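The lines below spell out each chain.
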Amino acid sequence: MTGDVIPFDQAIAGARGVLDRARVRIARDRAAGRLSPEHELICRRLEREQRHHAAAPAERPAA
């Protein structure tokens, strides 16, 4: 039965690969001006949220 189970690390690597390819495709379309205004706004909102989360200090567990 263990032969049918995908190891966690392999599943994560596969998902990251798909996400990376999608991000590259979106970046190309955006640079070429092929995104609709609605999708451009979505990209800007996501980028703003990512900057906000990156700037926020990491929470540390209580000692």
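Note: the structure precedes this text.
It should be emphasised that the depicted structure is a prediction, and the values quoted were computed from it without experimental measurement.

Rules of the game
- Residues numbered from 1 in each chain as written.
- Predicted model: local features only at pLDDT ≥ 70, side-chain atom pairs only at ≥ 80, totals over all residues.
- Heavy atoms only, no water.
- Helix = DSSP H or I, 4+ residues; strand = E, 2+ residues; numbered from the N terminus.
- Buried < 20%, exposed > 50% of the residue type's maximum accessible area, 1.4 Å probe, protein only.
- Areas by Shrake-Rupley, 256 points an atom, 1.4 Å probe, with all protein chains shown as cover.
- Salt bridge = Lys/Arg side-chain N within 4 Å of Asp/Glu carboxyl O.

Caption draft 1: How the structure looks around the overall build of the protein. Assigned secondary structure in the protein consists of two helices and zero strands. When burial is assessed residue by residue, the protein has 6% of its 63 residues classed as buried. Put simply, the protein shows about 6100 Å² of open surface, and 59% of that area lies on carbon and sulfur atoms.

Caption draft 2: Examining the pattern of salt bridges more closely. Under the counting rule described, the total for this entry stands at five salt bridges. For Arg 34, the salt bridge goes to Asp 29, with nearest N and O atoms at 2.9 Å. Judged by its relative accessible area of 57%, Arg 34 falls in the exposed class. In this structure Asp 29 comes out as partly exposed when scored by relative accessible area, which is 22%. Between Glu 40 and Arg 44 there is a salt bridge, with the nearest N and O atoms lying 3.3 Å from each other. Here Glu 40 pairs with Arg 44, and both are found in helix α2 (residues 37-55), just four residues apart, close to one helical turn. Relative accessible area serves as the criterion here: at 19%, Glu 40 is assigned to the buried category.

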